[in-house]
Amino acid sequence: MQNSALLMDFYALTMANSYFEQGRQDEIAYFDYFFRRVPDEGGYAVFAGLEQLLDYLENLHFSEQEIAFLQQKQIFSEGFLDYLRHFRFRGDLWAVKEGTAVFPAEPLVVIRAPIIDCTLIEAFLLLTLNHQTLIATKAARIVSVAQGRNVLEFGARRAHGVDAAHFGARAAYIAGVDGTSNVYSDFACGIPALGTMAHAYVQSFDNEYEAFLQYAKTYPDNTVLLVDTYDTLHQGIPNAIRVHREYLAPRGYKLKGIRIDSGDLAYLSIRAREMLDAAGLTETKITVSNSLDEYLIKDLLLQGAKIDSFGVGERLITAKSEPVFGGVYKIVALENAGRIIPKIKLSETLQKTTTPGFKNLWRLYDKNHKAIADVITLHDEIIDSTKPYMLFDPEYTWKTKWVTDFVAEQKLQQWISQGEKQLTIPTLEESRAHCRQELQSLWNEVRRLEKPHGYYVDLSQDLWTLKQHLIERHSGKKE
Ligand SMILES: Nc1ncnc2c1ncn2[C@@H]1O[C@H](COP(=O)(O)OP(=O)(O)OP(=O)(O)O)[C@@H](O)[C@H]1O
Ligand SMILES: O=P(O)(O)OC[C@H]1O[C@H](OP(=O)(O)OP(=O)(O)O)[C@H](O)[C@@H]1O
Ligand SMILES: O=C(O)c1cccnc1
């Protein structure tokens, strides 16, 4: 989509028009992006998609053609349409870095902007952050169980569209996969494009040996052969070894790898390793693929599979086990004559009740740089790590814990001020390195796949008091 200004929900425009008609176009509002639950009952999510959001905000404008299209709807005032004609995002934006490990209820992006700006950007912000954070989170789970083995993203053909393929590959790379089959993602942002061969290549020859031989002739120093087209153990692997022996070895090359894409991957990889080793091919790598995900990879390794590399497609690129990341974007304050007026949305449960106000996010680390807890504070609060700090559960407030000897780090950074970019956007490699560090800072108990330890996300005393005050006010007790 070349110009995505109209990629928004229709109600954003109807509300914006109404704000405009009330003369509220300069009224400042605060919105938070946060989520309530980690997919797959996981212990953490990996934040991604910020670069695309920043690019969008920098370039957002309405063309004459789009204005004319809106005019035809005959529900928007001429004044509002003229306002859109000159529209540029004028707000401020704070966000955690891409690759940051994040937890439910935390403000991951905070927007302070004229209320019309806040309103118009909702859909793009949500779809971009929800999609990439979903895939990054899924990829982190997959990479975590591979125990240092390579994970390659093979999903382009199964992705839900072109953007999903490319930005999915990007998010997966931030979260630790080693490469992608998607050449565009290499061209566009330097994610190493890698791959083996398809069954069609093998089938296009009279026999498998001939296919392998011709491939080896084309790529003698990078011969990776798909060995499961006919019979993995009786034909595929023997033919691969034969090509090595008869063609590659005499020319000083070694068979680089094989890929197995069907059958019992644990059993076949163990037998393949034995056969390759017996032929002196101890360095030849074994890649497997076939509807893999974190559960199957964990299971294969438990079965003693001899695998060096996992190709993971459909279940990663679509986050098949739980394909929705429920990040939301909620108003948390308005400004009136420079004063911040916090806003709350009440709900049946405390978890769904929004946390009001202009806020900041802190992470407390112990001396070994392991994350102890996150604390959401009011924006101008400082957590002084030279003094003991009391953490308390925002729901069960009697559960308290004093922490001492800790390091406090602010997780939100200001990326945009009054519409202008403030910080240099990290490279993909920097975001990936950041993600690695972030995941290392989490305890294994928080990272584990199943029934992870709930990580503490607390409110500061001042923020808790503010929230409580608003809950009481709006639930009728003080009105
Ligand atoms: N040892 C194993 N333990 C657990 N799951 C496995 C094991 N080996 C393979 N699998 C998984 O089982 C599924 C098998 O898929 P499927 O039923 O399509 O069989 P297939 O081997 O691909 O057959 P086909 O030759 O018809 O493609 C895949 O998701 C694969 O990753
Ligand atoms: O199973 P996934 O996790 O999505 O991994 C990608 C799959 O895509 C390919 O199959 P496909 O049948 O599309 O093509 P092929 O002829 O190359 O095997 C590949 O062989 C994998 O099985
Ligand atoms: O390179 C591969 O082996 C590959 C690429 C895309 C999909 N499946 C496999």
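Computed from a prediction, not measured in an experiment: that's the story for all the values here.

1. A closer look at the packing of aromatic side chains
What the rule picks out here adds up to 19 aromatic pairs. With 5.1 Å between their ring centres and 55° between their planes, Tyr215 and Tyr219 make a pair best called tilted. For Tyr219, a relative accessible area of 39% translates into the label partly exposed. Site record: aromatic cluster; members linked through ring pairs are Phe10, Phe20, Phe62, Phe76, Phe80, Tyr83 and Phe87. The ring of Trp443 is capped by Lys370, whose NZ or CZ atom sits 5.8 Å from the centre of that ring.

2. Describing the site of ligand 3
Around ligand 3, the structure places Phe154, Arg157, Ser181, Gly195, Thr196 and Arg259. At 2.4 Å, a side-chain N or O of Thr196 approaches an oxygen atom of ligand 3. A distance of 3.1 Å separates an oxygen atom of ligand 3 from a polar atom in the side chain of Arg259. Against a free-state accessible area of 260 Å², the protein chains account for coverage of 82% of ligand 3.

3. Structural notes on the UniProt feature "domain: Nicotinate phosphoribosyltransferase N-terminal" (unreviewed entry) in the protein chain
Here, UniProt's "domain: Nicotinate phosphoribosyltransferase N-terminal" (unreviewed entry) annotation points to residues 6-130. Here residues 6-130 is 43% helix and 17% strand, with 19 Å between the C-alpha atoms at its ends.

4. A closer look at the nonpolar core
By size, the foremost hydrophobic cluster in this structure holds 137 residues, and its most contacted members are Leu93, Ile111, Ile258 and Phe310. Ranked by residues supplied to this core, first place goes to helix 6 (residues 122-145) with 11 residues. Excluding anything up to four places from it in sequence, Phe310 contacts Ala146, Arg149, Asn150, Val151, Leu152, Val288, Leu292, Ile297, Leu300 and Leu301. Formed by 10 residues, the second largest nonpolar core is a distinct cluster that contains Trp362, Ala373, Tyr389 and Val403.

5. So, the sheet that holds strand 15 (residues 371-378)
Pairing within the open sheet is mixed, and its 4 strands lie in the order 18-14-15-21. The two strands at the open ends of the sheet, each matched to only one other strand, are strand 18 (407-410) and strand 21 (457-459). Neighbour-to-neighbour, the strand axes of this sheet turn through a mean angle of 30°, independent of strand direction. Across 3 bridges, strand 15 lies against strand 21 in parallel orientation. Residue Val375 lies in a different strand from strand 21, and its bridge partner there is Asp458.

6. Remarks on the UniProt feature "domain: Nicotinate phosphoribosyltransferase C-terminal" (unreviewed entry) in the protein chain
The positions that UniProt labels "domain: Nicotinate phosphoribosyltransferase C-terminal" (unreviewed entry) are, in the present scheme, residues 359-467. The span residues 359-467 is 22% helix and 34% strand, and its two end C-alpha atoms sit 12 Å from each other.

Cut-off values and rules
Residues numbered from 1 in each chain as written. Chains lettered and ligands numbered in written order. Predicted model: local features only at pLDDT ≥ 70, side-chain atom pairs only at ≥ 80, totals over all residues. Heavy atoms only, no water. Phe/Tyr/Trp six-rings, centres within 6.5 Å; stacked < 30°, edge-to-face > 60°. Buried < 20%, exposed > 50% of the residue type's maximum accessible area, 1.4 Å probe, protein only. Lys NZ or Arg CZ within 6 Å of the ring centre and 35° of its normal. Near = heavy atom within 4 Å. Polar contact = N/O pair within 3.5 Å; in protein donor to acceptor, adjacent residues only side chain to side chain. Areas by Shrake-Rupley, 256 points an atom, 1.4 Å probe, with all protein chains shown as cover. UniProt positions renumbered as here; feature names shortened; annotations may be inferred. Helix = DSSP H or I, 4+ residues; strand = E, 2+ residues; numbered from the N terminus. Core = buried A, V, L, I, M, F, W, Y, C linked by side-chain atoms within 4.5 Å. Contact = heavy atoms within 4.5 Å. Pairing = 2+ DSSP bridges. Axes fitted to C-alpha atoms, helices over the stretch in contact; angles between N-to-C directions.

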